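Given next are the chains, with one letter for each unit.
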Amino acid sequence: MENLCDDGNPDTLAAIVAAGAIPELVKLLGPGSLGDLQKRAAGALWTLAFYAANAATIAAAGAIPALLQLLRPGSTTEVQEMVAGALQSLTGYGEDSRGTGQPRCPS
């Protein structure tokens, strides 16, 4: 999933969202997942959140509290870096493109 998101192709990202991947990625952020799965899920959400419509869907799926939990002690630095990136994308930091269909942050 993370590799599919990394290609940055808007059509690919739209297909991922349409397939219902966001709630599943949020589930992978939970305490029952291994750190590597949490890192990859956060990375995929980071990329998906570059688009404003996806960011709203990600937030509605409960990702923000789940991401914040991963910033606590016990998570690896790699997980925390991906989480920080995802949270940054969710805030819309960077070039504003709400409604334009273009990434808000460089990929």
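Because the structure is a prediction, the values reported are computed rather than measured. (Residues numbered from 1 in each chain as written. Predicted model: local features only at pLDDT ≥ 70, side-chain atom pairs only at ≥ 80, totals over all residues. Heavy atoms only, no water.)

Visitor: Would you mind going over the pattern of salt bridges with me for this structure?
Guide: Oppositely charged side chains can form a pair if their charged atoms are brought close together. As enumerated under the stated definition, the model contains three salt bridges in all. A salt bridge links Lys27 to Glu24, with the nearest nitrogen and oxygen atoms 3.4 Å apart. One end of the pair is Lys27 and the other is Glu24, both in helix 3 (residues 21-28) and three residues apart, which spans about a single turn. Look at Glu24 and you get partly exposed, because its relative accessible area is 44%. Of the charged contacts in the structure, one is a salt bridge between Arg40 and Asp36, with a shortest N-O distance of 3.1 Å. Within this pair, Arg40 and its partner Asp36 are both found in helix 4 (residues 35-48), separated by four residues, close to a single helical turn. We classify Asp36 as partly exposed; its relative accessible area is 41%. What you see here is one network of salt bridges that share partners, running through Asp36, Lys39 and Arg40. (Salt bridge = Lys/Arg side-chain N within 4 Å of Asp/Glu carboxyl O. Helix = DSSP H or I, 4+ residues; strand = E, 2+ residues; numbered from the N terminus. Buried < 20%, exposed > 50% of the residue type's maximum accessible area, 1.4 Å probe, protein only.)

Visitor: Could you clarify how one ought to interpret the environment of Ala60 in this entry?
Guide: Along the chain, Ala60 turns up in helix 5 (residues 52-60). Note on Ala60: relative accessible area 70%, which makes it exposed. Between the C-alpha atom of Ala60 and that of Ile22, which follows or precedes it by 38 residues, the distance is 9.8 Å.

Visitor: Help me understand helix 3, please; the structure alone is not making it clear to me.
Guide: Since the α-helix packs 3.6 residues into each turn, any two residues three or four apart lie on the same face. Among the residues of helix 3, those classed as buried are Ala21, Ile22, Leu25 and Val26. Seen from one end, helix 3 has its buried residues packed into an arc of 140°, which puts them on one side. For helix 3, the elements touching its buried residues are helix 2 (10-18), helix 4, helix 5 and helix 6 (63-69). (Arc of directions from axis to C-beta. Contact = heavy atoms within 4.5 Å.)

Visitor: Teacher, can you tell me more about the packing of helix 4 against helix 7 (residues 77-91) here?
Guide: The axes of two packed helices give the description: the angle between them and the distance between them. Running from N to C, helix 4 and helix 7 point in directions that differ by 20°, and their axes come no closer than 8 Å. In terms of axis orientation, helix 4 runs roughly parallel to helix 7. With respect to the hand of their crossing, helix 4 and helix 7 are arranged in left-handed fashion. For the pair helix 4 and helix 7, the contacting residues are Gly35, Gln38, Lys39, Ala42, Gly43 and Trp46 in the first and Glu78, Val79, Glu81, Met82, Val83, Gly85, Ala86 and Ser89 in the second. Across the contact of helix 4 with helix 7, the residue classes tally to six nonpolar, five polar and three charged. (Axes fitted to C-alpha atoms, helices over the stretch in contact; angles between N-to-C directions. Parallel < 35°, antiparallel > 145°, perpendicular 65-115°, else oblique. Left-handed = near helix turned anticlockwise from the far one by under 90°. Nonpolar A, V, L, I, M, F, W, Y, C, P; charged D, E, K, R; others polar.)

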